[in-house]
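Now for the letters of each chain:
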Amino acid sequence: MLLGASLLGVLLFSWLVLKLPWTQVGLSLFFLYLGSGGWRFIRIFIKTVRRDIFGGTVLLRVKAKVRRYLRERRTVPILFAATVQRHPDKTALIFEGTDTHWTFRQLDNYSNSVANFLQAQGLASGDVVALFMENRNEFVGLWLGMAKLGVEAALINTNLRRDALLHCLTSSQARALVFGSEMAPAVLEIHANLDPSLNFFCSGPWEPSTVPAGTKHLDPLLEDAPKHQPSCPNKGFVDKLFYIYTSGTTGLPKAAIVVHSRYYRMAALVYYGFRMRPDDIVYDCLPLYHSAGNIVGIGQCLIHGMTVVIRKKFSASRFWDDCIKYNCTIVQYIGELCRYLLNQPPREAEGQHRVRMALGNGLRQCIWTDFCSRFHIPQVAEFYGATECNCSLGNFDGQVGACGFNSRILSFVYPIRLVRVNEDTMELIRGPDGLCIPCKPGEPGQLVGVIIQEDPLRRFDGYLNQGTNDKKIARDVFKKGDQAYLSGDVLVMDELGYVYFRDRTGDTFRWKGENVSTTEVEGTLSRLLDMADVAVYGVEVPGTEGRAGMAAVASSSGSCDLEHLAQLLQKELPLYARPIFLRFLPELHKTGTFKLQKTELQKEGFDPTVVKDQLFYLDARKGRYVPLDQEAYTRIQAGQEKL
């Protein structure tokens, strides 16, 4: 970084101030390179300059549009209106469940009906309406219609029940709840605990006896509502659009604030960075209450005029058939979805699609090449970025395994860094000056992004609960008085600036004096066990330091060839990373975004009186896994068994 900045400074000073000829400037820079270890820098420059120029061009293009829209007080509904005007009769959304096609004009009219109806119900700009519905075209039309009125939608995870669902509805302070008829049983469970003033509207098949008393059937009311454009609310580019709740793998979900500029930024960086085209057709089987499905996916429809195919839920067996039927050119993935596709038996449809790009995050490096070659996918568009973060990354040139990059030539252009942390506690490590210590290439660290509230690309909008924000902000990071967003994720950058995901907060544990990456062990085990679901976590063992590795494996048969597995693990993993305990169970529970839930597994540990599934432990003397019964458990607890 310092070398690049110094050379740029010398270049500008020599040319603008000293007025030296280009030949002398070039020679001066060349000898300065050599005197400061420049050969390595020249190599980095040659290998990355094309990538960096393209990435810089994308960043500048999006930044210019953001500044313009900020000045003109544009909003997502205003940007969508321009899309409708360009091609009103083009297909905007297709719902696979019913093969329903909506044109941009139809989506516009539906959302207008929503805005006019809600306005007639007394709702106004700044009010909140909760939306609790499975994927379908109406989901998009509902929150878009709310946005046209200035009403903020709280997008509720359809997997939530009881306390978690009640928490989301009450914390959002919603004045109304719009729910799909398929979610009526979940609403009935908590109806008695909700605010009596909350209005209920149900969309979908209507059966009055199955919904809370006083619920209105929304669909016929919207059909009768006016279709004209509502008057624009007093909202600008950095005002609230809607709320997206975190997945809640631990604790209660948190409502992340999404402003109009954030919605545009996330959709636009992906669009320009991965060279998408307006005539692309996107296959979106991700939940629309999540940013990947609703912003990265649906955003391409609303802002860039693409056709998006919506599926209610991901289906590994129907995935490629759907892509063929609707001529999809881009498919979305997240988390373990690609592994589920690889786990399917080979089918003829795999080679008959027109898909040219897989777009998403969480594709593990160990299956990256296999996924591309088996399904004939020319481009993997992997990116990194949480809903609320200000430090998104994009792997624009398809580097296998990378989730993005940061320039090594002019790294200060994009103010994100990896900084040293204690990987056990995720506490920032600071130097004598009290500032954070940037990581060197190959050194893992937490990703942080400098917060500049005046810049829509660098601002941090945080959560609805302001008390939660302090945990995500660090101060005095790169200079005294600054602020930075803490991603909570450990990544590592190579010499060329490519960034690789390593772990999320809490996904490392220490054993035998070494840090164990659960992500790495999960990937290895899953590959060795024919792409089975695997959750790895650390468990406490009396009399030992740190935590011993334990792997929960989803297996229909309830076991595998344990002797062969132990032999393979000896070759694949270092001694400290090999799981000490194995648990075989029928299935592993996952969040709606395909993240494995480990909290309950970790609490249950390896006690055979608590765990009714098959348990095994690694017998150090025999070098293989043996059954973990009550007698073995007692020996381990007493420290009589070497681990």
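Preceding this paragraph is the structure being described.
Only a predicted model underlies this, so the values are computations on that prediction, with no experimental measurement involved.

Quick notes on the rules
Each chain carries its own residue numbering, running from 1 in the written order of its sequence. Restriction of local features to residues with pLDDT of at least 70 applies here, the model being predicted, together with a cutoff of 80 or more for giving and counting side-chain atom pairs; totals for whole chains, interfaces and linings are based on all residues. Note that water and hydrogens are dropped before the side-chain values are worked out from all heavy atoms of the structure. In DSSP terms, a helix is any run of H or I states spanning at least four residues, a strand is any run of E spanning at least two, and both are numbered starting from the N terminus. Note on classification: 1.4 Å probe, protein chains only; a residue is buried when its accessible area is under 20% of the maximum for its type, exposed when over 50%, partly exposed between these limits. Whether two strands pair depends on DSSP finding at least two bridges between them. Aromatic contacts are taken between Phe, Tyr and Trp rings whose centres are within 6.5 Å, Trp giving its six-membered ring; a plane angle under 30 degrees counts as stacked, one over 60 as edge-to-face, and the others as tilted. To sit over a ring, a charge needs its Lys NZ or Arg CZ within 6 Å of the ring centre and within 35 degrees of the ring normal. Here, expected helix span is obtained from the residue count minus one, scaled by 1.5 Å. By construction, the arc corresponds to the directions joining the helix axis to the C-beta atoms. For this analysis, a nonpolar core means a set of buried residues of the types Ala, Val, Leu, Ile, Met, Phe, Trp, Tyr and Cys, connected via side-chain atoms within 4.5 Å. Domain start and stop points were drawn from an automatic or database domain assignment. Should any heavy atoms of two residues lie within 4.5 Å, those residues are considered in contact. Only the stretch in contact is used when fitting a helix axis, every axis being a line fitted to C-alpha atoms; angles between N-to-C directions are given from 0 to 180 degrees. For classification purposes, angles smaller than 35 degrees are called roughly parallel, those larger than 145 roughly antiparallel, those between 65 and 115 roughly perpendicular, and all remaining angles oblique. Handedness of a helix crossing follows the sense of rotation of the near helix relative to the far helix, less than a right angle counterclockwise being left-handed and clockwise being right-handed. Throughout, the ten residues Ala, Val, Leu, Ile, Met, Phe, Trp, Tyr, Cys and Pro are labelled nonpolar, Asp, Glu, Lys and Arg are labelled charged, and all others, Gly among them, are labelled polar. Polar contact is defined as a pair of N or O atoms within 3.5 Å, subject to the rule that within protein one atom must be able to donate a hydrogen and the other to accept it, and that residues adjacent in sequence are counted only when both atoms are side-chain atoms. Any Lys or Arg side-chain nitrogen located within 4 Å of an Asp or Glu carboxyl oxygen qualifies as a salt bridge.

Draft legend 1. Focus on the side chain of H290. With respect to the helices, strands and loops of the structure, H290 is situated in the loop between strand 10 (281–284) and helix 11 (291–304). What makes H290 buried here is its relative accessible area of 13%.

Draft legend 2. Focus on the pairing of strand 17 (residues 416–419). Neither face of strand 17 is open: one carries I416 and L418, the other R417 and V419, and all of them are buried. Bridge analysis of strand 17 against strand 20 (residues 445–450) gives 4 bridges, and the strand direction is antiparallel. Looking across to strand 20, one finds that V419 is bridged to Q446.

Draft legend 3. Examining the packing of aromatic side chains more closely. Using the criterion set out here, one finds 23 aromatic pairs in the structure. Between the aromatic rings of F319 and W320, the centroid separation amounts to 4.9 Å while the plane-to-plane angle is 80 degrees, which identifies the pairing as edge-to-face. With respect to burial, F319 and W320 carry one shared label: buried. For the cation-ring pair, K254 lies above Y463, with the distance from its terminal atom to the ring centre recorded as 5.5 Å.

Draft legend 4. Structural detail: helix 10 (residues 260–273). For helix 10, built from 14 residues, the straight-helix expectation of 20 Å at 1.5 Å per residue is met to within 8% by its first-to-last C-alpha distance of 20 Å. Most of helix 10 is tucked away: 14 of the 14 residues are buried. Within two residues after helix 10, R275 carries a phi angle of roughly 55 degrees, on the positive side.

Draft legend 5. Looking closely at helix 4 (residues 76–86). Residues of helix 4 that are buried include every one of V76, P77, L79, F80, T83 and V84, and no others. Buried residues of helix 4 fall within an arc of 155 degrees about the axis and therefore sit on the same side.

Draft legend 6. Summary view of the nonpolar core. By size, the foremost hydrophobic cluster in this structure holds 101 residues, and its most contacted members are L93, L142, W143, F242, Y263, Y264 and L302. Sorting elements by how many residues they give to this core places helix 10 first, with 9 residues. Built from parts of two domains, this core gets at least three residues from each of domain 2 (73–313) and domain 3 (404–504). Residue contacts for W143: discarding those within four places in its chain leaves V76, L131, A153, L155, L241, F242, Y263, N294 and L302.

Draft legend 7. Structural view of unusual backbone geometry. For R73, which is not glycine, the phi torsion reads 55 degrees and is therefore positive. Within the fold, R73 resides in the loop between helix 3 (38–72) and helix 4. Relative accessible area serves as the criterion here: at 40%, R73 is assigned to the partly exposed category. A positive phi is found at D530, a non-glycine position, where the angle reads about 55 degrees. With respect to the helices and strands, D530 occurs in the loop between helix 16 (518–528) and strand 26 (534–539).

Draft legend 8. Representation of the pairing of strand 26. Burial within strand 26 is extensive, with 6 of its 6 residues counted as buried. Residues V534, V536 and G538 of strand 26 are buried on one face, and the alternating residues A535, Y537 and V539, pointing to the opposite face, are buried as well. With 6 bridges connecting them, strand 26 and strand 27 (residues 548–554) associate as antiparallel partners. Paired with V539 across the two strands is A548, which belongs to strand 27.

Draft legend 9. Local environment of the sheet that holds strand 2 (residues 100–103). A sheet is described by the order of its strands in space; here 8 strands give the open sequence 2-1-11-10-12-13-14-15, paired in mixed fashion. The strands lining the two open edges of the sheet, one partner per strand, are strand 2 and strand 15 (393–394).

Draft legend 10. Fine view of the packing of helix 16 against helix 17 (residues 562–572). Two elements in contact, helix 16 and helix 17, have axes whose closest approach is 11 Å; the angle formed by their N-to-C orientations is 135 degrees. Viewed along their axes, helix 16 and helix 17 adopt a mutual orientation that is oblique. The two elements helix 16 and helix 17 cross, and the hand of that crossing is right-handed. Facing helix 16, whose interface residues are T524, L525, R527 and L528, helix 17 presents L565, L568, L569 and E572. Here the residues of the contact of helix 16 with helix 17 are counted per class, giving 5 nonpolar, 1 polar and 2 charged.

Draft legend 11. The arrangement of the environment of K148 in detail. Mapped onto the fold, K148 is located in helix 6 (residues 137–149). Excluding residues within four positions of it along the chain, K148 makes contact with P77, F80, D108, S111, N112, A115, Q229, P230, S231 and P233. Looking at K148, its side chain comes within polar contact range of the side chain of N112, at 2.7 Å.

Draft legend 12. Region of the structure containing the environment of D607. Within the element layout of this structure, D607 appears in the loop between helix 18 (599–604) and strand 29 (614–619). A C-alpha to C-alpha distance of 9.8 Å links D607 and Q637, two positions 30 residues apart in sequence. With near-sequence residues (within four places) excluded, D607 lies in contact with L615, Q630 and Y633. A polar contact is formed between the side chain of D607 and the side chain of T609, at a distance of 2.7 Å.

Draft legend 13. Geometry of the sheet that holds strand 29. Reading across the sheet, the 5 strands line up as 26-27-28-29-30 and stay open at both edges, with mixed pairing between neighbours. Each having just a single partner strand, strand 26 and strand 30 (624–627) make up the two edges of the open sheet. Here the average twist between neighbouring strands, direction ignored, is 25 degrees. For strand 29 and strand 30, the ladder comprises 4 bridges, and the chain directions are antiparallel. By the bridge assignment for strand 30, L618 is matched with Y625. On the sheet, helix 16 packs against strand 26 and strand 27 and is oriented at approximately 135 degrees with respect to strand 26.

Draft legend 14. Spatial organisation of the pattern of salt bridges. Considering all chains together, one arrives at 35 salt bridges under this definition. Taking the shortest distance from any N to any O, the salt bridge between E182 and R136 comes out at 3.4 Å. Of this pair, E182 sits in the loop between strand 5 (176–180) and helix 8 (184–190) while R136 sits in the loop between strand 3 (128–132) and helix 6, placing them 46 residues apart in sequence. Residues D461 and R262 are paired through a salt bridge, measuring 3.4 Å at the closest nitrogen-oxygen approach. With a gap of 199 residues between them, D461 in the loop between strand 20 and helix 15 (466–469) and R262 in helix 10 connect regions that are remote in the sequence. In this pair, the class of D461 matches that of R262, namely buried. Several salt bridges share partner residues, and in doing so they unite E96, R311, R318, D321, D322 and R347 into one network.

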